[in-house]
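Tertiary structure, described
Each chain, written out:
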Amino acid sequence: RFLILLFIISGCSDNNQSYFPLNSIKSWSYKVVIQPEIDKETIYKKTKISLGKKSLEIDKKKKSLYPFLREDGSVFFYKNYKDGIYRHGYAFARDKTIKLENKKRIVLPMPEKVGKKWAVESKTFLILKRYPYYDYRATTNFEIKYQIISKDEIVNTPLGKFKDCLLVKGIGKTQFIGDSEIGSIEINITSNEWYAKGIGLVKSIREEKTDSDLFGTTVMTQVIEHFEK
């Protein structure tokens, strides 16, 4: 276990490793804290396991993809292209059919140059109001615009300090049309993600801020707690 920890802490400085490693079988474990402005916080564990390179038949064609298994049983499929790493499709736990992304969904571009920009479709998922008998979640589609801000970030985690990490910032804005009581609310989204070479995501902070006193602002913080090769 000491050798694994040593590998993790030194992994950021290895220039031959990717910020989103796909080739080796690995597992990640994160602590996730969701802090609403008007309700109690929620804390849970999030895990993902890289299953290694697989040859899969999709639309009667063989494709080499990298599946990642999540704690809820869903699987997300990634592919490495010359210009970056893309999420190619997904399969939910109850439905093993692989659904392809409607558009090419880039996760990280290559090469990872400071100032590089891209955009992807996303959904709001943090804005929630709890009532005595039901929950009301403000979920809507929007475009989030990402940019690489820095490649020399220092990130402190329960595993230690990571140096020379990639910082990706995302910004988005959308409107949610609720019922007659809620009306229309404006949501501003910001996301900061830190990636370490040879490991991937080590920390992220996402904020969904509304102009409504009913929903307020919710912040989700995700920090890596464990990593195995």
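The rules behind the values
Residues numbered from 1 in each chain as written. Predicted model: local features only at pLDDT ≥ 70, side-chain atom pairs only at ≥ 80, totals over all residues. Heavy atoms only, no water. Helix = DSSP H or I, 4+ residues; strand = E, 2+ residues; numbered from the N terminus. Rg over C-alpha atoms; globule rule 2.2 N^0.38 Å. Contact = heavy atoms within 4.5 Å. Areas by Shrake-Rupley, 256 points an atom, 1.4 Å probe, with all protein chains shown as cover. Lys, Arg positive; Asp, Glu negative; His and termini not counted. Charge placed at Lys NZ, Arg CZ, Asp CG, Glu CD. Pairing = 2+ DSSP bridges. Patch = residues over 30% accessible without salt bridge, like charges linked within 9 Å, V, L, I, M, F, W, Y side chains within 5 Å. Salt bridge = Lys/Arg side-chain N within 4 Å of Asp/Glu carboxyl O. Phe/Tyr/Trp six-rings, centres within 6.5 Å; stacked < 30°, edge-to-face > 60°. pLDDT = per-residue confidence, 0-100. Buried < 20%, exposed > 50% of the residue type's maximum accessible area, 1.4 Å probe, protein only.

With that settled, consider the overall build of the chain. The helix and strand tally for the chain stands at 1 helix and 15 strands. For 229 residues, the compact-globule formula gives about 17 Å, and the C-alpha radius of gyration of the chain, at 19 Å, lands near that figure. With the principal axes as the frame, the chain shows a C-alpha extent of 55 × 45 × 35 Å. The long-range share in the chain, meaning contacts at least 24 apart out of those at least 6 apart in sequence, stands at 49%. Accessible area of the chain: about 13,100 Å², with a carbon and sulfur share of 50%. Computed over 41 positive and 28 negative side-chain charges, the separation of the two mean positions in the chain equals 8 Å.

Before going further, it helps to spend a moment on the pairing of strand β2 (residues 42–50). By the bridge criterion, 8 bridges tie strand β1 (residues 27–36) to β2 in an arrangement that is antiparallel. When the sheet's bridge partners are listed, Lys31 is paired in β2 with Lys45. Taken together, β1 and the strand that follows it, β2, pair antiparallel across an intervening segment of 5 residues. The pairing of β2 with strand β4 (residues 61–70) spans 3 bridges and is antiparallel. Residue Ile49 lies in a different strand from β4, and its bridge partner there is Leu69.

On to a nonpolar patch on the surface, then. Together, Ile25, Ile49 and Leu51 make up a nonpolar patch on the protein surface, roughly 240 Å² of accessible area in all. Turning to its location among the elements, Leu51 is positioned in the loop between β2 and β3 (54–58).

A few words now on unusual backbone geometry. Most of the time, phi is negative for any residue but glycine, and the peptide bond is trans. A cis geometry characterises the amide bond from Met110 onward to Pro111, with omega recorded as -5 degrees. Within the secondary structure layout, Pro111 lies in the loop between β7 (95–109) and β8 (117–123). One non-glycine residue, Asp164, adopts positive backbone phi at about 55 degrees.

Below, the discussion takes up the packing of aromatic side chains. Two descriptors summarise a pair of aromatic rings, namely the distance from one centre to the other and the angle between the planes of the rings. Tallied over the entire structure, the rule returns 11 aromatic pairs. Plain terms: the ring middles of Phe20 and Tyr78 are 5.2 Å apart, the flat faces sit at 50 degrees to each other, and that makes the pair tilted. Of this pair, Phe20 sits in the loop between α1 (2–10) and β1 while Tyr78 sits in strand β5 (residues 75–81), placing them 58 residues apart in sequence. Each residue in the set Phe20, Trp28, Phe68, Tyr78 and Phe227 is aromatic and connected to the rest through ring pairs, giving one cluster.

Here we come to the confidence of the model for the chain. With 93% of its residues at a pLDDT of 70 or more, the chain shows a mean pLDDT of 87. Segment residues 1–16 is flagged for pLDDT under 50; beyond a separation of four residues in sequence, or across chains, it makes 22 contacts in the model.

This part is about the pattern of salt bridges. Applying the stated rule across the entire model yields 4 salt bridges. Ionic pairing is found between Glu101 and Arg87, a salt bridge with its closest N-O pair at 2.7 Å. Of the two residues, Glu101 sits in strand β7 while Arg87 sits in strand β6 (residues 84–92), which places them 14 residues apart along the sequence. With respect to burial, Glu101 and Arg87 carry one shared label: buried. Of the charged contacts, one joins Lys173 and Glu186 as a salt bridge, the two residues approaching to 3.8 Å between their closest N and O atoms. With Lys173 in strand β12 (residues 160–177) and Glu186 in strand β13 (residues 184–196), this pair connects stretches of sequence that are 13 residues apart.

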